[in-house]
There are 2 protein chains.
Amino acid sequence: MRKMACKVAYEGTYFAGYQVQPGKRTIQGEIEASLKKIHKGEELRIHSSGRTDSLVHATGQVFHFETSLAIPVSRWAKALNALLPADIRIIEAVEVSKDFHARYSAISKQYRYRILLTKEGDLFRRNHCYHFTEMLDIEAIKEAAQHILGKHDFSAFCAANTSVIDKIRTVTRLELQHVGDELLFIVEGDGFLYNMVRIMVGTLLEVGTGKRDPHELQAIIEGCDRTKAGKTAPGHGLYLHQVNYPEPIFS
Amino acid sequence: MRKMACKVAYEGTYFAGYQVQPGKRTIQGEIEASLKKIHKGEELRIHSSGRTDSLVHATGQVFHFETSLAIPVSRWAKALNALLPADIRIIEAVEVSKDFHARYSAISKQYRYRILLTKEGDLFRRNHCYHFTEMLDIEAIKEAAQHILGKHDFSAFCAANTSVIDKIRTVTRLELQHVGDELLFIVEGDGFLYNMVRIMVGTLLEVGTGKRDPHELQAIIEGCDRTKAGKTAPGHGLYLHQVNYPEPIFS
């Protein structure tokens, strides 16, 4: 048996999220269905770096699977893309060592969040950006973001319906960039709780509109109380951009 | 009765084209269904500047209709957008004089054609740009484009299945722009035949790849023979960008 790892991009819009659900169109479900065809009916399970919610996109999700097929490494991406729907694309497929695990081997992840700042919105990006029309104080957001950086108990930024017990995570990067008419949040850390990036972005936007003071962020984090943080920003602005491993496995 | 004109944008991807067809989702059909709701069941017909094919987008299509409703001009766009699906957006609604006609009053139109030049393509623009991976000689395309400019019988650039007899049109602008990783064709003229822009773009791309000589364009136009021109570029790269009237009716 060989172990293969794939870097995959998907547009989350027309999926009921990542994880397999009976009767629903999911990313995992589509990939496993394509692998089943390649394996002549044999059921395969893929293991990803983590789930993404419905509407959430990926430009660099990673999954692995085991196969007994002798398809050359260079042909896997093309073979899968020929069977996958157009809203899932394998960017690269590589062979990995037996002890690699897309989730457990990951040391950090980068998420991105796109906010469209134009007054009128853009029909062609309606599913790709969160359209936000209120004026934003970018300096205030940057000041607030400083409190998020570092190692904290992020209970305040975790959706209530989670079974995770250890909520201590380290955010190593939280950056804002203007890209054309969009505001881009880049968030990197060793791990993320359920809805953590979206609650962070939602809270920082409330700082940006003056609804909250930048200094409040410290108390919000220390309070470990979800109800003290801001709203969860919508899923369709979020992208799982990169999953990092101790040694880079993709080109 | 008042006459209203609307500037409308739509993503053509999930429509069977512009024109009403029984049992199919079309742009005209969706707009007329929304107007019917506003008019409490009364059937209305809209008149556009022209049809667009399936997959073709619009950022500035124009249509008009007559109404007996007293809704203030400033509320029409919002009222319609509340009923229309998310892939059709009214940009502006204005009241026009009785003799205005979206099609017959138009003096010129601008189309745009987006070509994505990156090697790998972009999942999020797969329905919005024609992904073209061959190397292009832009100077050769510009040279060929000079032959298209001006007043010609454009029979060579007209799909065979058309009932139009007079095929003389004037192309007043044919420009290439690099916009990020895309190549943008901007084409303006007093009128366009069926598939004219797509056949032009398809032919110019064949010049760009060296399959044709820039000078061939003159013979192609003079020959008035569709089979001598190049392939029809795919619909999903094309945008109806603007319709012009003797006096500007939109802001």
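Residues numbered from 1 in each chain as written. Chains lettered and ligands numbered in written order. Predicted model: local features only at pLDDT ≥ 70, side-chain atom pairs only at ≥ 80, totals over all residues. Heavy atoms only, no water.

**Structural notes on the domain arrangement of chain A**
Residues and elements named next belong to chain A. According to the domain assignment, chain A contains domain 1 (2–105) and domain 2 (108–243). On a C-alpha basis, the centroid separation for the pair domain 1 and domain 2 is 27 Å. Domain 1 puts 16 residues into the contact, and the matching count from domain 2 is 15 residues. In total, about 1,200 Å² of surface goes out of reach between domain 1 and domain 2, with carbon and sulfur atoms giving 49% of it. Taken together, domain 1 and domain 2 are joined by one salt bridge. A salt bridge links R198 to D53, with the nearest nitrogen and oxygen atoms 3.5 Å apart. For the interface between domain 1 and domain 2, the tally reads eleven residue pairs in polar contact (both at pLDDT 80 or more). (Domains from an automatic or database assignment. Contact = heavy atoms within 4.5 Å. Buried area = accessible area lost by both parts, 1.4 Å probe. Salt bridge = Lys/Arg side-chain N within 4 Å of Asp/Glu carboxyl O. Polar contact = N/O pair within 3.5 Å; in protein donor to acceptor, adjacent residues only side chain to side chain.)

**Overview of the relation of the copies chain A and chain B**
Note on the copies: chain A fits chain B at an RMSD of 0.0 Å, the axial shift is 0.0 Å, and the rotation between them is 180 degrees. Accordingly, the operation relating the two chain copies is best matched by a two-fold axis. (Least-squares fit on C-alpha atoms with pLDDT ≥ 70 in both.)

**Description of the UniProt feature "binding site: substrate" (unreviewed entry) in chain A**
All names here are of chain A. Per the UniProt entry, the sites bearing "binding site: substrate" (unreviewed entry) are Y111 in this numbering. Along the chain, the position of Y111 falls in strand β5 (residues 108–116). Using a relative accessible area of 9% as the deciding quantity, one classes Y111 as buried. Here Y111 is in contact with F185, I186, V187, F192, V197, L238, Y239, L240 and H241, once residues within four sequence places are set aside. (UniProt positions renumbered as here; feature names shortened; annotations may be inferred. Helix = DSSP H or I, 4+ residues; strand = E, 2+ residues; numbered from the N terminus. Buried < 20%, exposed > 50% of the residue type's maximum accessible area, 1.4 Å probe, protein only.)

**Observations concerning helix α5 (residues 216–223) of chain A**
Turn by turn, an α-helix covers 3.6 residues, leaving residues three or four places apart pointing in a common direction. All names here are of chain A. Along α5, the residues that are buried comprise L217, I220 and I221. On an axial view of α5, the arc spanned by its buried residues comes to 95 degrees, and they lie on one face. Exposed residues pointing more than 90 degrees away from the buried face of α5 are listed as A219 and E222. The elements touched by buried residues of α5 are α3 (138–148), β7 (150–153) and α4 (196–208). Directly after α5, the chain includes C224, whose backbone phi takes a positive value near 50 degrees. (Arc of directions from axis to C-beta.)

**Brief notes about the pattern of salt bridges**
All names here are of chain A. Per the counting criterion, the structure on display carries 34 salt bridges over all chains. With a closest N to O distance of 3.1 Å, K36 and E43 form a salt bridge. K36 sits in the partly exposed class, given a relative accessible area of 32%. A relative accessible area of 61% means that E43 is categorised as exposed. We note a salt bridge from R114 to E182, for which the minimum N-O separation is 2.8 Å. One end of the pair, R114, is in strand β5; the other, E182, is in strand β9 (residues 182–189), and 68 residues separate them in sequence. With respect to burial, R114 and E182 carry one shared label: buried.

**Describing the UniProt feature "active site" (unreviewed entry) in chain A**
Residue and element names in this part refer to chain A. According to UniProt, the positions carrying the feature "active site" (unreviewed entry) are D53. Counting through the fold element by element, D53 comes out in the loop between β2 (47–48) and β3 (57–67). Judged by relative accessible area, D53 falls into the partly exposed class, the value being 24%. Within polar-contact distance, the side chain of D53 engages the side chain of Y194 at 3.1 Å.

**With respect to a negative patch on the surface**
Among the surface-exposed residues, D137(A), E139(A), E143(A) and D213(A) lie close enough to one another that they form a single negatively charged patch. On the basis of relative accessible area, D137(A) is assigned to the partly exposed category, the value being 40%. (Patch = residues over 30% accessible without salt bridge, like charges linked within 9 Å, V, L, I, M, F, W, Y side chains within 5 Å. Areas by Shrake-Rupley, 256 points an atom, 1.4 Å probe, with all protein chains shown as cover. Lys, Arg positive; Asp, Glu negative; His and termini not counted. Charge placed at Lys NZ, Arg CZ, Asp CG, Glu CD.)

**Topic: the environment of D87(A)**
With respect to the secondary-structure elements, D87(A) resides in the loop between α2 (73–83) and β4 (88–96). A C-alpha to C-alpha distance of 30 Å links D87(A) and F157(A), two positions 70 residues apart in sequence. Each residue touching D87(A), except ones within four places of it in the same chain, is listed here: A9(A), Y10(A), E11(A), Y14(A), F15(A), R25(A), L123(B) and R126(B). One polar contact links D87(A) to R25(A), side chain to side chain, over a distance of 2.8 Å.

**Let's talk about the packing of helix α3 (residues 138–148) of chain B against helix α5 (residues 216–223) of chain B**
Residues and elements named next belong to chain B. One way to put it is that α3 packs onto α5 with a least axis distance of 8 Å and a crossing angle of 30 degrees. Comparing the axis directions of α3 and α5 gives the class roughly parallel. α3 and α5 meet at a crossing whose hand is right-handed. Note on element contacts: α5 touches α3 through L217, Q218 and I221, opposite A144, H147 and I148. Of the residues assigned to the contact of α3 with α5, the class counts are four nonpolar, two polar and no charged. (Axes fitted to C-alpha atoms, helices over the stretch in contact; angles between N-to-C directions. Parallel < 35°, antiparallel > 145°, perpendicular 65-115°, else oblique. Left-handed = near helix turned anticlockwise from the far one by under 90°. Nonpolar A, V, L, I, M, F, W, Y, C, P; charged D, E, K, R; others polar.)

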